[in-house]
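These are the residues of each chain, in order.
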Amino acid sequence: MTTTTTPATTTAATTTADELLIPVPDEDGAPFWEYAAQGELRVQACAEPACGKLRFPPRPCCPHCQSFDSEWRLMSGRGRIWSYVQPHPPLLPAYAAQAPYNVILVELADAPHIRLVGNLVASADAPLDSVAPARLRIGARVQVVFTETGGVAVPRWILEKS
Amino acid sequence: MAATLKDATAIVGIGQTAFAKQLPQSEKELACRAILSALADAGIEPSEVDAFSSYTMEETDEVEVAKAIGAGDVTFFSKIGYGGGGSCATVGHLASAIATGQASVGVAWRSRKRGSGPRPWKNTAVQLPTPGQWTRPFGLLRPADEIGMLARRYMHEYGATRDHLFNVAMACRNRANENPAAMMYERPLTREMYMTSRMISDPLCLFDNCLETDGALACVIVSAERARDCRQKPVYVHSVAQGLPAQHHGMVNYWNDDPLSGPAWTAARHLWKQADFGPDDVDVAQIYDAFTPLIPLSLEGYGFCGRGEGAAFTEGGALEMGGRLPINTGGGGLSEAYVHGFNLINEGVKQLRGVSTAQVPDASTCLVTAGEGVPTSAILLRA
Ligand SMILES: [Zn+2]
């Protein structure tokens, strides 16, 4: 008899050389990060034709129809800021060095109830504090960009050009 | 017909250690001291204890505690998940066990060295739960950041301001100033101090955050029948509830359809359904206050006001002595001690015994809640 073991918890973050945390995907989340490496923002969806609902965070089965079939649907990458915070020290050293920076919660234009935690930056590779705090506003339109940190592509957000 | 929990059990003993930023004793020793103090308060011998309940992130387990204090054979033990969300459920689990005859003398406790011990968010190698991959890399590192995100949205949607959060911090501090055991005894807070204090996670400042504390507390629960023969006036466990809402995500409830409607709403529905009275009949409340925004959110969740009205509820001294709903009369997690909410349970007992340092006259009903923002629990106590 064979058994498959799945760890109850995964190390969800590890550190880069400069100590910024990099995501360590779990089994369900891995495709998100693989698509991010290709510059695509994709969200898990139920693959049952009669259902097709999006879900986040990723999980093994659909909470609406209990189907275990899923697919990863391409998003437009546009969204709006739902909320934000500006963390100040005490923080991990690499974050303290950029504090106060912003952390935003973006609701996706394609699926407003799916909200992603991220950072509003001046450009993809700019520091976490590269946008003036006065420009942070709930409802502001943002567009996804990707940057590489510690060998992992992570989504970040820039203000949509109006 | 199954036994009902309503008033079937009572808290008959409470105990606590000193609260401080740093205490020399180990967590295990603090736990034993608080438990023995609670048993002495009840007039019950340690050898009679046959049930234990605590909650996760507690380092001292029941095996260690039972043998250290000299408990007899233990026939019920439980440990509730989700850190501070478990505080009131410890009383609930023991009440269930005693009401159904699985045990006769239950002890719930909490011992922490959060003041001098490590802070989990500082450890980059820590085994994080799965959601960590969606939040930590972006610098959302601490509970204050996670709750601050919900607080900002709440302020945006309902016109809540920092003045409302100050009302919460001030009510707790004023009560701590009356409580010699509180860490913030004789340390008044002013509006200017609050408004000019450093930010921790804007919009939350230093005074919106609970205290880092070393200390331990415990309480003793027996059947209502036995409680009548105990040394102290019984404080009856009237109603108990736990709450883990549909599609809840823990501290980062951002992926719920309605992130501002947390576990309090779920726990409250069950709590009131089992009770003989409602929110209007609550004389005093001990509401989990790891962060000030949890108070308006909980006031809404437990039905003291409507959705979006929690901030306005704090105006005009409503949370102060003599107000509509005095809260956290020992000072709460913000100003007495942050021991994952157990001090709120013991303070509820003190109010219904009539011995609080900020006594609400003739208080006969008290709501105590556990951590909002995580799967939670709550109890209604009555004299
Ligand atoms: Zn489905």
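Definitions and limits used
- Sequence order as written defines the numbering, with residues in each chain counted from 1.
- Ligands are numbered from 1 and chains lettered from A, in the order in which they are written.
- Local features in this predicted model are restricted to residues of pLDDT 70 or higher, and side-chain atom pairs are both shown and tallied only at a pLDDT of 80 or more, whereas totals for entire chains, interfaces and linings draw on every residue.
- Remark: hydrogens and water are excluded; side-chain values derive from all non-hydrogen atoms of the structure.
- Helix numbers and strand numbers start at the N terminus; a helix is a DSSP run of H or I with at least 4 residues, a strand a run of E with at least 2.
- A simple rule labels every residue: compare its accessible area, found with a 1.4 Å probe on the protein chains alone, to the largest value its type can have, and call it buried under 20%, exposed over 50%, or partly exposed in between.
- Here, two residues are considered to be in contact whenever any of their heavy atoms come within 4.5 Å of each other.
- Note on areas: Shrake-Rupley with a 1.4 Å probe; residue coverage comes only from the protein chains shown.
- Every case where a carboxyl oxygen of Asp or Glu lies within 4 Å of a side-chain nitrogen of Lys or Arg is listed as a salt bridge.
- Residues scored as positive are Lys and Arg, those scored as negative are Asp and Glu, and His as well as the terminal groups of each chain are ignored.
- We call two N or O atoms a polar contact when they sit within 3.5 Å, provided that within protein one can donate a hydrogen and the other can accept it, with sequence-adjacent residues counted only if both atoms are side-chain atoms.
- Each metal's donors comprise the N, O and S atoms found within 2.8 Å of it (within 3.2 Å for Na, K or Ca). Water is not part of the atom list, so some coordination spheres may appear incomplete.
- Donor angles set the geometry label: tetrahedral for four donors if every angle is between 85 and 135 degrees, square planar for four and octahedral for six if opposite donors exceed 155 degrees and the others are between 65 and 115, irregular for anything else.
- Buried area: the accessible surface (1.4 Å probe) lost by two parts on joining, summed over both.
- Multiplying 1.5 Å by the helix residue count minus one yields the expected span of that helix.
- The rule for pairing is simple: two strands pair if DSSP sees at least two bridges between them.
- Fitting a line to C-alpha atoms yields each axis, with helices limited to the stretch in contact; the angle taken between N-to-C directions then spans 0 to 180 degrees.
- The set of buried Ala, Val, Leu, Ile, Met, Phe, Trp, Tyr and Cys residues whose side-chain atoms join them within 4.5 Å is what this entry labels a nonpolar core.

1. Looking at the overall build of chain A
The secondary structure content of chain A amounts to two helices and nine strands. Reading chain A from its N end, one meets helices and strands in the order β-β-α-β-β-β-α-β-β-β-β. Within the span of chain A, comprising 162 residues, buried residues form 51% of the whole. Residue pairs at least 24 apart in sequence account for 51% of intrachain contacts in chain A once pairs closer than 6 positions are excluded. Taken as a whole, chain A presents about 7,600 Å² of accessible surface, with 51% of it coming from carbon and sulfur.

2. Observations concerning the pattern of salt bridges
Residues and elements named next belong to chain B. Taken as a whole, this structure holds 20 salt bridges over all chains when the rule is applied. A salt bridge links Glu-48 to Arg-226; its shortest N-O distance comes to 2.9 Å. Separated by 178 residues along the polypeptide, Glu-48 in the loop between α1 (27-42) and β2 (51-55) and Arg-226 in helix α8 (residues 224-227) bring together distant segments of the chain. Classification of Glu-48 as partly exposed rests on a relative accessible area of 32%.

3. Structural notes on the side chain of Asp-50 of chain B
Residues and elements named next belong to chain B. Locating Asp-50 in the fold gives a position in the loop between α1 and β2. No salt bridge is formed by the buried Asp-50, whose closest oppositely charged neighbour, Arg-226, lies at an N-O distance of 7.7 Å. Side-chain polar atoms of Asp-50 contact the backbone nitrogen of Ser-104, separated by 2.9 Å. A polar atom in the side chain of Asp-50 sits 2.9 Å from the backbone nitrogen of Val-105. Excluding residues within four positions of it along the chain, Asp-50 makes contact with Asp-73, Val-74, Thr-75, Phe-76, Ala-103, Ser-104 and Val-105.

4. A look at the coordination of the zinc ion
All names here are of chain A. Note on the zinc ion: its protein donors are Cys-46 (SG), Cys-51 (SG), Cys-62 (SG) and Cys-65 (SG). The metal-donor distances range over 2.3 to 2.4 Å. For the zinc ion, the four donor atoms in the first shell make angles of 97 to 115° at the metal, a pattern classed as tetrahedral. When the donor residues of the zinc ion are listed from N- to C-terminus, their spacing reads C-x4-C-x10-C-x2-C. In this pair, Cys-46 is assigned in strand β3 (residues 42-46) and Cys-62 in the loop between β3 and β4 (70-74), connecting sequence segments 16 residues apart. The exposure class of Cys-62 is buried, given its relative accessible area of 1%.

5. Considering the interface of chain B and chain A
Facing 39 residues of chain B, the contacting portion of chain A comprises 44 residues. Buried surface at the junction of chain B and chain A, both sides included, amounts to about 3,800 Å², of which 61% is carbon and sulfur. Linking chain B with chain A are zero salt bridges, by the criterion used here. Taken together, chain B and chain A are joined by 18 residue pairs in polar contact (both at pLDDT 80 or more). Sorting the residues of the side of chain B that touches chain A by element identifies α4 (132-135), α5 (143-158) and β5 (199-202) of chain B as the ones contributing at least two each. Of the residues forming the side of chain B that touches chain A, the biggest block, seven residues, is contributed by α5 of chain B.

6. Quick word on helix α13 (residues 342-353) of chain B
Residue and element names in this part refer to chain B. The first and last C-alpha atoms of α13 sit 17 Å apart over 12 residues, in line with the 16 Å expected at 1.5 Å per residue. Taking burial as the measure, the 12 residues of α13 include 12 buried ones, the bulk of the element. Among all positions in α13, only Phe-342, Asn-343, Leu-344, Ile-345, Asn-346, Glu-347, Gly-348, Val-349, Lys-350, Gln-351, Leu-352 and Arg-353 are buried. Gly-354 lies just past α13 and shows a positive phi near 85°.

7. Notes on the sheet that holds strand β1 (residues 9-16) of chain B
Residue and element names in this part refer to chain B. Strand order in the open sheet formed by nine strands is β3-β2-β4-β7-β1-β8-β11-β10-β9, with mixed pairing between adjacent strands. The sheet is open, and its two borders are formed by β3 (76-80) and β9 (284-286), each paired with just one other strand. Taking each pair of neighbouring strands and ignoring which way they run, the sheet shows an average axis angle of 25°. Pairing of β2 with strand β4 (residues 106-113), which is carried by three bridges, proceeds in the parallel orientation. Residue Ala-51 lies in a different strand from β4, and its bridge partner there is Gly-106. Along the sheet face, helix α3 (residues 87-99) touches β1, β2, β3, β4, β7 (214-223), β8 (235-243), β10 (365-369) and β11 (376-382) and points at about 160° away from the line of β2. Contacts from helix α9 (residues 263-273) reach β8, β10 and β11, with the element oriented near 135° to β8.

8. Quick look at α3 of chain B
Residue and element names in this part refer to chain B. With 13 residues, α3 extends 19 Å from end C-alpha to end C-alpha; this agrees with the ideal 18 Å at 1.5 Å per step. For α3, the set of buried residues is Ser-87, Cys-88, Ala-89, Thr-90, Val-91, Gly-92, Leu-94, Ala-95, Ala-97 and Ile-98. Phi turns positive, to about 80°, at Gly-101, one or two residues after α3.

9. Quick notes on the nonpolar core
Of all hydrophobic cores here, the largest spans 118 residues; its most connected members are Leu-41, Tyr-95 and Trp-157 of chain A together with Ile-11, Cys-219, Tyr-254 and Leu-381 of chain B. Core analysis: the second largest hydrophobic core is formed by 30 residues, Cys-32, Ile-35, Leu-39 and Val-49 of chain B among them.

10. Here's the deal with the environment of Gly-139 of chain B
Of note, Gly-139 of chain B is situated in the loop between α4 and α5. Beyond its immediate stretch of four places on either side in the chain, Gly-139 of chain B contacts Pro-87, Tyr-95, Tyr-101 and Val-103 of chain A together with Asp-145 of chain B.

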